[in-house]
Amino acid sequence: MIEAKNVTKRYGPTLVVDDVSLRFPVGGITSIIGPNGAGKSTLLSMISRVLPMSSGNVLVDGLDVVTTPGDELARRLAILRQDNHLTSRLTVRELVTFGRYPHSKGRPTVKDQEHVERAIQHMGLEALSARFLDELSGGQRQRAFVAMVLCQDTDYVLLDEPLNGLDLKHAVSMMKQLRTAANTLGKSFVLVLHDLNFASCYSDHLIAMRDGKVAFQGRSEDIMRPDVLRAVYDLEIAIQQINGDWIATHYR
Amino acid sequence: MKRFIAAAAVIALLALVSLFIGVSNVSWDSLFSPSPDERALQVLVISRIPRLLAVMLVGTSLGVAGLLMQMLARNRFVEPATAGSAESASLGVLAATALAPQLPVLGKMLVAACFALAGTALFLLILRRIPMRSVLIVPLVGLVLGSVFDSVTTFFAYRFDLLQSVNAWKTGDFSTVLRGRYELLWVTLVLTLCAYVAADRFTVVGMGESFTTNLGLRYSRIVALGLVIVSLVTAMVVVTVGMIPFLGLLVPNVVSLFMGDNARKSIPWVAVGGAGFVLLCDIIGRVVRFPYEIPGATIAGVIGSGLFLFLLLRRDARVG
């Protein structure tokens, strides 16, 4: 289980994440939603130790992320941040293989190779696997990064805006992949999503942030309500139930 | 693998040829006749072979040092000669020469290495502080920093009447290499092998700090290791033969074009390519004005700048 206790991030006088305490449910998909600048990405980065906290602590399976050895954590938790700009020319397969680094330490075994092939397949990258990353489109590259993180095969997978740059088909297929991985392998995903409807349709648990604090959390039907969303986004958002899903119609 | 062996064979052939180039007559016949020419044999053992080894060691290690710099700075356009490392190393040798002239070469090298370490670390620190760093800002910062070190060096060299020596450190020249005066360079081979052993870590560092942390590695530790390797290699080259420009820039960039940046795969190619590049420059420098010589660094500057311009224009679509 991932547990955040009084986590705070401060840049000078500005509080970006303000004393957040949270227990993330084990298994399934948890999505963090909220307006720009709510502190979603910052919280995710601090939980995954890629950004230092100003105060508070985070426990993953009882291990403090600040003091636990990095390679130990890397076998339990994986993070993909947004805006990954790689200057290195690596092929898709090389990149995905580096996802096995915490397990293989640079010497991939046959089992590691199987993980790599499976991750490449899951993200529909078979035809692109020998291509260099700088020869791919933004969406294809994003899928390669997600494949790398999935290949790390951790119990907890944190993805910041995984749908960034993906077309509709690949966005749907990625969410379906995550859903399958959560259902069949018992993995726990924590996502930061901008698309309310993807969050609503695929998540078991929603966390709505605003001004560095957790404003609301609960299941889709608890969060996908006009009064809740108005408080989060300052916007009138009508909600309709379509085929059992709660859908926000906020385009007009 | 086949291509690698072919490339290595071509360079071995060049190496063999280079043994027979020079004012003193050393030929196959004079060496392997029933009554070998003593003088020719001496020239070969004392001058030609050490020179060849120095060329290969410098090419290999500077090429790999350039590759490491590019991964540490996450930018294709930096190398020890343009990021303050070589300039601060020169300043270090100057300090050692002016303040402790009786220091042996090893001592001077260590002083130079400390200066190079500080200079390169300063470069990386400045980079961390620059928000929105663009592809071209990074090498510019390196050039500016290098020029600052350079002007300090020139000022004190002028005061201590050491301008000529400074020039020797800055311009790589293999004509003075003799047995007993280049052996320090063997250490660079050890450092190159260290870089190869840690190749995967350097590739990961080249992906950035978040990726490195996510994969369970200590970013700062790997950067420190890279800095030490780059600084020691630079210092040794500066002290023994002098800097070779463009090598650390050109060779890794060419290799990256067709091999990519997975260091495990590219380091052997960079090593072989670097050795070949310096060897070629040295041979050209020895034959264009025979019996006189032009320093290898000068030839490297001419060939390197032309080739690099070509590469820059060719791949500019991908630079941004």
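Predicted, not measured: the structure shown is a model, and the values here were computed from it.

## Observations concerning the environment of Y219 of chain B
All names here are of chain B.
At step 1: Positionally, Y219 belongs in helix α11 (residues 219-240).
At step 2: Taking the C-alpha atoms as reference points, Y219 and I299, 80 residues apart in sequence, are found 38 Å from one another.
At step 3: Dropping the residues within four chain positions of it, Y219 is found in contact with V205, E209, T212 and T213.

## Topic: the nonpolar core
At step 1: Counting 165 residues, the largest nonpolar core has A147 of chain A together with L68 and A112 of chain B as its most contacted members.
At step 2: No other element matches the 15 residues that helix α3 (residues 38-73) of chain B contributes to this core.
At step 3: Per-domain counts for this core show at least three residues from each of domain 1 (2-76 + 155-249) and domain 2 (88-153) of chain A.
At step 4: Not counting residues up to four positions away in its chain, the partners in contact with L68 of chain B are A195, F202, G226, I229 and V230 of chain B.

## Focus: the UniProt feature "domain: ABC transporter" (unreviewed entry) in chain A
At step 1: Here the UniProt feature "domain: ABC transporter" (unreviewed entry) sits at residues 2-236 of chain A.
At step 2: Each end of residues 2-236 of chain A is marked by a C-alpha atom, and these two atoms are 33 Å apart; helix forms 37% of the span and strand 26%.

## Quick look at the interface of chain A and chain B
When the parts of a complex come together, some accessible area is lost, and that lost area is often used as the size of the interface.
At step 1: In this complex, chain A contributes 23 residues to the contact, which on the side of chain B involves 20 residues.
At step 2: Among the elements that line the side of chain A that touches chain B, the one with the most residues is helix α2 (residues 70-74) of chain A, at 4 residues.

## Remarks on helix α5 (residues 105-129) of chain B
At step 1: The terminal C-alpha atoms of α5 of chain B, which comprises 25 residues, lie 36 Å apart, in line with the 36 Å expected from a rise of 1.5 Å per residue.
At step 2: Those residues of α5 of chain B hidden inside the fold are in contact with α4 (85-99), α6 (137-159) and α11 of chain B.

## A closer look at the sheet that holds strand β1 (residues 2-11) of chain A
Residue and element names in this part refer to chain A.
At step 1: Pairing within the open sheet is antiparallel, and its 4 strands lie in the order β2-β1-β4-β5. Two strands close off the open sheet at either side, each with one partner strand: β2 (14-24) and β5 (63-64).
At step 2: Of the strand pairs in this sheet, β1 and strand β4 (residues 55-60) are connected by 5 bridges, and their pairing is antiparallel. Directly across from A4, in β4, lies its bridge partner V58.
At step 3: Packing of helix α1 (residues 40-47) onto the sheet brings it into contact with β1, β2 and β4, and relative to β1 it is tilted by some 120°.

About the criteria used
Residues numbered from 1 in each chain as written. Chains lettered and ligands numbered in written order. Predicted model: local features only at pLDDT ≥ 70, side-chain atom pairs only at ≥ 80, totals over all residues. Helix = DSSP H or I, 4+ residues; strand = E, 2+ residues; numbered from the N terminus. Contact = placed C-beta atoms within 7 Å. Core = buried A, V, L, I, M, F, W, Y, C linked by C-beta atoms within 7 Å. Buried ≥ 20, exposed ≤ 12 C-beta atoms within 10 Å, placed from the backbone. Domains from an automatic or database assignment. UniProt positions renumbered as here; feature names shortened; annotations may be inferred. Expected span 1.5 Å × (residues − 1). Pairing = 2+ DSSP bridges. Axes fitted to C-alpha atoms, helices over the stretch in contact; angles between N-to-C directions.

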